[in-house]
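# Report on the structure
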Amino acid sequence: MVQEVNPQAESGEPRESHDEEWRKEFPYPWDEDEVVTRRDTLRFLLAGSGALFLATGVLAVLGALPRGSNVTSIPIAKEGELAENQWKVFNYPDEYAQGILINLPGHGLVAYSDVCTHLSCAVLYQGDGKMHCPCHDGLFDAATGNVLAGPPTRPLPLIQLARQNGIIYAVKEIAR
Amino acid sequence: MSTNNARAYRRKANPDDPPVQRPPRGSRGLMPGPNFLGLQGRIAIVQAQVFLLAVILIAQLWLITDALYELLSGRSASLGWLALASGIGFVLALIIALWPRRRIEEM
């Protein structure tokens, strides 16, 4: 069995060196010191590694749990309210989050979450088929929500729309 | 300080340092170091174990940070892979922490 390391023996110096003059001038009370050995550090690191593995596993389990339905039908506009290339911002799915509804030529009404996937600034429609994030000049394609330029790496979440009795409803947000 | 004293002083960078020795030569060539089965060798092995485990722990910290970011971003596709990578790190840490001690005891 490997023995615990004695801090005094660890230095590997000959015994007579304890009589050296500098030790007398600068005595150190080893017996009063609370020594953390290398093996203590090793055990601590091993326990930390296990704890991090467990925590990552818990996050994976949380991610795999079935989520509640995110279908919330909210009226956001009237049919014909927006002319081509016009846009409006609406609250969805609650008052703390917003989406952007655009009447895009050739595509009709499209809606996305207006929260930039880079650092959560609000994106604006430019009128040329592109959405612009003013914070860091991110550009998104208004037809697909995909990133065209800038620092964002993920597309904007899509908001599904439904029409009923001349009212446009935001139905569901689809994270991508 | 006389010349002789200065020469003797230069041999030791630190008064606590043990005198430098050449590694012993075994049947297959140079051995890992002087007294590698003794206290000094064991200290060196534990030192290396601590270093390797620290590197693994840093990698696992990065993995859990990424996992948390993915989870809070609403994406869970890569969470399983991140947990698996962290598990591999833990197994490696176990091997590094436990295996050399057995080898030393066998020798």
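Residues numbered from 1 in each chain as written. Chains lettered and ligands numbered in written order. Predicted model: local features only at pLDDT ≥ 70, side-chain atom pairs only at ≥ 80, totals over all residues. Heavy atoms only, no water.

The next subject is the overall build of chain B. From N to C terminus, chain B includes 3 helices and 2 strands. For chain B, the succession of helices and strands along the chain, N to C, is α-β-β-α-α. Here chain B, with 107 residues, has 29% of them falling under the buried criterion. Put simply, 43% of the contacts in chain B that link residues at least 6 apart link residues at least 24 apart. Entry remark: accessible area of chain B is about 7,600 Å², with carbon and sulfur atoms responsible for 64%. (Helix = DSSP H or I, 4+ residues; strand = E, 2+ residues; numbered from the N terminus. Buried < 20%, exposed > 50% of the residue type's maximum accessible area, 1.4 Å probe, protein only. Contact = heavy atoms within 4.5 Å. Areas by Shrake-Rupley, 256 points an atom, 1.4 Å probe, with all protein chains shown as cover.)

A few words now on the state of the cysteines. Residues and elements named next belong to chain A. Under the criterion given, the structure shown has 1 disulfide over all chains. In this model, C121 is linked to C135 through a disulfide, with the two sulfur atoms separated by 2.0 Å. With the S-S dihedral at roughly -100°, the linkage between C121 and C135 falls on the left-handed side. Note that C121 is positioned in the loop between β4 (108-113) and β5 (124-125) and C135 in the loop between β6 (130-133) and β7 (138-141), a separation of 14 residues in sequence. With a relative accessible area of 17%, C121 lands in the buried category. Among the residues examined, C135 registers a relative accessible area of 40% and is labelled partly exposed. With no disulfide of its own, C116 has C133 as its nearest cysteine by sulfur position, at a separation of 3.7 Å. Assessed through its relative accessible area of 2%, C116 is described here as buried. (Disulfide = S-S within 2.5 Å.)

A word on the interface of chain A and chain B. In this complex, chain A contributes 33 residues to the contact, which on the side of chain B involves 40 residues. Interface area for chain A against chain B, summed over the two sides, is near 3,200 Å², with a carbon-plus-sulfur share of 69%. Counting every contact that joins chain A to chain B gives 0 salt bridges. Our enumeration of links across chain A and chain B arrives at 4 residue pairs in polar contact (both at pLDDT 80 or more). With 18 residues, helix α3 (residues 38-64) of chain A is the largest single contributor of residues to the side of chain A that touches chain B. The class makeup of the residues in the side of chain A that touches chain B is 14 nonpolar, 10 polar and 9 charged. (Buried area = accessible area lost by both parts, 1.4 Å probe. Salt bridge = Lys/Arg side-chain N within 4 Å of Asp/Glu carboxyl O. Polar contact = N/O pair within 3.5 Å; in protein donor to acceptor, adjacent residues only side chain to side chain. Nonpolar A, V, L, I, M, F, W, Y, C, P; charged D, E, K, R; others polar.)

Now for the pairing of β4 of chain A. All names here are of chain A. Where strand β3 (residues 98-104) lies against β4, 6 bridges are found, and the strand directions are antiparallel. Within β4, the position partnered with I100 by the bridge is Y112. Here β3 hands over to β4 after 3 residues, with G106 in that stretch at a positive phi of 85°. (Pairing = 2+ DSSP bridges.)

All names here are of chain A. Under the defined criterion, the tally for this structure stands at 4 salt bridges over all chains. In this structure, the salt-bridge partner of D40 is R43, at a minimum N-O distance of 3.2 Å. Separated by 3 residues within a single helix, D40 and R43 lie in helix α3, roughly one turn from each other. With relative accessibility at 32%, the residue D40 sits in the partly exposed group. According to the relative accessible area criterion, R43 is partly exposed, its value standing at 45%. One salt bridge in this structure joins R163 and E79, with 2.9 Å as the shortest N-O distance. Separated by 84 residues along the polypeptide, R163 in strand β9 (residues 158-164) and E79 in the loop between β1 (71-78) and β2 (87-91) bring together distant segments of the chain. In this structure R163 comes out as exposed when scored by relative accessible area, which is 54%. According to the relative accessible area criterion, E79 is partly exposed, its value standing at 45%.

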